[in-house]
Amino acid sequence: MALTMTRTRTQKALTKLAERVAAVHGELAYVEGRLDAGDVELREELREGLARRHGELMAMREALYVTLRQFDSALDPTAIGSSDEWLKPFGRGTAGRRRYEAALPLRTA
Amino acid sequence: MSASPNPTPPDIKWLANELAATKGEMERIDEELARLEDRRGRLETVYASLAAVSALLQAPGLENAVAAVRAHPSRGGRGSIVNFVRAALQAALPGALDTRSVTELTIERFALQFATPQQRNRFRKATVSHTLQRLVNAGEVERLHDVKTMPNAPGLWRWKVDRPSAVDLQAMDPERADIVGDDPWP
């Protein structure tokens, strides 16, 4: 349960946290899908980038889950769906995914 | 049972008693320290998660910018303690509960833990007694103990039921109206 008084918790904070969880769920599903596809054309550099990003997303998901449960222990973060918000900075569709993967080996976090 | 041929000298008895009590207090402190260590470990995980999420939400280093605040501990939803005390007194009807019983029931219900007896006393005075007094002021509970004649007696509290007192009943009887006020008890 949150340590602070209930008055300071807002719907906006909850919405933002839930949106972040949904984005992480979406990105994690994509990254895991790519790593598990057994795609022989996956470059070593890309595979390493995906694996590193997978680790970052797992840590991010855990931190978001802990934060959501701190907000309200009755919430179940695993019940939140997924979204494509994570892809927005790179554009849409296949082109967006290509740009996302091209940026992976260069990302530091 | 026959008396011991070598009774323990009173000074040794006293020392044994003090040793036992001191040992017990140290054990209690050790248990409390272990509980607090566990709690600190869990809070460290929460703190690290909150800091990581702050960075995620474009507020990196927020944990360094905020000062520590000793937040009032949350004991469930708003009004949870006063509602529990209400329910306890209602369940005790037609009987009453003393302050100590209400305190113990509340501690058990909310699974509260106190590092020292002083903290427990502070909880009894600041939270339980205060809550009971609020309910008296709101007309929901009656105080049965007389703080003026017995200021140090344990507080005794009963859920107020809308019924006439013995004095009121006597006053309703025209034949006994002249002796109303002689009986000090309600």
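In the block above lies the structure referred to throughout.
As a starting point, this report considers the structure included with it. Keep in mind it's a predicted model, so treat the numbers as computed, not measured.

Observations regarding helix H3 (residues 80–92) of chain B
Since one α-helical turn is 3.6 residues long, residues separated by three or four positions face the same way. Residues and elements named next belong to chain B. Taking 1.5 Å of rise per residue, the 13 residues of H3 would be expected to cover 18 Å, and the 18 Å separating its terminal C-alpha atoms lies within 8% of that figure. Regarding H3, the residues found buried are Ser80, Ile81, Val82, Phe84, Val85, Ala88 and Leu89. Buried residues along H3 sit in contact with strand E1 (97–98), helix H4 (99–109), helix H5 (117–137), strand E2 (141–143) and strand E3 (156–159).

Re the sheet that holds E2 of chain B
Strand-to-strand pairing in sheets goes through backbone hydrogen bonds, with the strands running parallel or antiparallel. Residues and elements named next belong to chain B. Ordered by their spatial adjacency, three strands build an open sheet running E1-E3-E2, and the pairing between neighbours is antiparallel. Taken across any chain shown, the strands that pair with only one partner, and hence form the sheet edges, are E1 and E2. Across two bridges, E1 lies against E3 in antiparallel orientation. Pairing of aspartate 98 across the sheet is with leucine 156, part of E3.

Observations concerning the packing of helix H2 (residues 44–71) of chain A against helix H1 (residues 10–56) of chain B
For the pair H2 of chain A and H1 of chain B, the least separation of the axes is 8 Å and the interaxial angle reads 110°. Regarding the angle of H2 of chain A to H1 of chain B, the classification is roughly perpendicular. For the pair H2 of chain A and H1 of chain B, contact is made by Met60, Glu62, Ala63, Leu64, Val66, Thr67 and Gln70 of chain A and by Thr45, Val46, Ser49, Leu50, Ala52, Val53 and Leu56 of chain B, respectively.

Describing the packing of aromatic side chains
Per the stated rule, a full pass over the model turns up six aromatic pairs over all chains. With a centroid separation of 5.9 Å and 75° between ring planes, the pair formed by tyrosine 30 of chain A and tyrosine 100 of chain A is classed as edge-to-face. Of the two residues, tyrosine 30 of chain A is situated in helix H1 (residues 11–36) and tyrosine 100 of chain A in helix H3 (residues 93–103); the sequence distance between them amounts to 70 residues. Across the pair, tyrosine 100 of chain A and tyrosine 30 of chain A agree in class, each one buried. Ring centres of phenylalanine 114 of chain B and phenylalanine 123 of chain B lie 5.3 Å apart, and the angle between their planes is 40°; this geometry places the pair in the tilted category. Among the aromatic residues, ring-to-ring pairing joins Tyr30, Trp86, Phe90 and Tyr100 of chain A into one connected group. The ring of phenylalanine 110 of chain B is capped by arginine 109 of chain B, whose NZ or CZ atom sits 4.6 Å from the centre of that ring.

Structural notes on the pattern of salt bridges
For the structure on display, the rule yields 10 salt bridges over all chains. Where arginine 53 of chain A meets glutamate 27 of chain A, a salt bridge forms, and the shortest distance between an N and an O atom there is 2.7 Å. Here arginine 53 of chain A, found in helix H2, pairs with glutamate 27 of chain A, found in helix H1; they are 26 residues apart in sequence, far enough to count as distant. The exposure classification of arginine 53 of chain A matches that of glutamate 27 of chain A, with both residues buried. With a closest N to O distance of 2.9 Å, glutamate 142 of chain B and arginine 158 of chain B form a salt bridge. Of the two residues, glutamate 142 of chain B is situated in strand E2 and arginine 158 of chain B in strand E3; the sequence distance between them amounts to 16 residues.

Side note on H1 of chain A
With 26 residues, H1 of chain A should reach 38 Å at 1.5 Å per residue; the first-to-last C-alpha distance of 37 Å fits that figure. Listing the buried residues of H1 of chain A in full gives Leu17, Val21, Ala22, Ala23, Val24, His25, Gly26, Glu27, Leu28, Tyr30, Val31 and Arg34 of chain A. Check the buried side of H1 of chain A and you find it contacts H2 and H3 of chain A together with H1 of chain B.

Quick notes on a nonpolar patch on the surface
Together, Ile12, Trp14 and Leu15 of chain B line one region of the surface with nonpolar side chains, adding up to about 310 Å² of accessible area. Within the secondary structure, isoleucine 12 of chain B sits in helix H1.

Conventions used here
- Along each chain, residue indices are assigned from 1 in the same order as the chain's sequence is written.
- Here chains are named by letter from A upward and ligands by number from 1 upward, in the order in which they appear as written.
- Given that the model is predicted, a residue must reach a pLDDT of at least 70 before its local features are reported, and side-chain atom pairs must reach 80 or more before they are shown or counted; all residues, however, enter totals for whole chains, interfaces and linings.
- As a rule here, side-chain values come from all non-hydrogen atoms in the structure, and water together with hydrogens is ignored.
- Strands are runs of DSSP state E lasting at least 2 residues, helices are runs of H or I lasting at least 4, and numbering of each runs from the N terminus.
- Each helix should span, by expectation, one fewer than its residue count multiplied by 1.5 Å.
- Here the term buried applies to any residue with accessible area under 20% of the maximum for its type, exposed to any over 50%, and partly exposed to those in between, with areas from a 1.4 Å probe on protein chains only.
- Working rule for contacts: check all heavy atoms of both residues, and any pair within 4.5 Å makes them a contact.
- DSSP bridges decide pairing: two strands pair if at least two such bridges lie between them.
- The angle between two axes is taken between their N-to-C directions and runs from 0 to 180 degrees, where each axis is a line fitted to C-alpha atoms and a helix contributes only its stretch in contact.
- When describing relative orientation, an angle under 35 degrees is termed roughly parallel and one over 145 degrees roughly antiparallel, while 65 to 115 degrees is termed roughly perpendicular and anything else oblique.
- Side-chain rings of Phe, Tyr and Trp (the six-membered ring for Trp) are treated as a pair once their centres are within 6.5 Å; stacked means planes under 30 degrees apart, edge-to-face means over 60, and tilted covers the remaining angles.
- Any Lys NZ or Arg CZ found within 6 Å of a ring centre and within 35 degrees of that ring's normal is scored as a charge over the ring.
- Salt-bridge detection follows one rule: a side-chain nitrogen of Lys or Arg within 4 Å of a carboxyl oxygen of Asp or Glu.
- Surface patches are drawn from residues lacking salt bridges whose relative accessible area is over 30%; two like charges belong together within 9 Å, two nonpolar side chains (Val, Leu, Ile, Met, Phe, Trp, Tyr) within 5 Å.
- We get accessible surface area from the Shrake-Rupley algorithm with a probe of 1.4 Å; when it comes to residues, only the shown protein chains can shield them.

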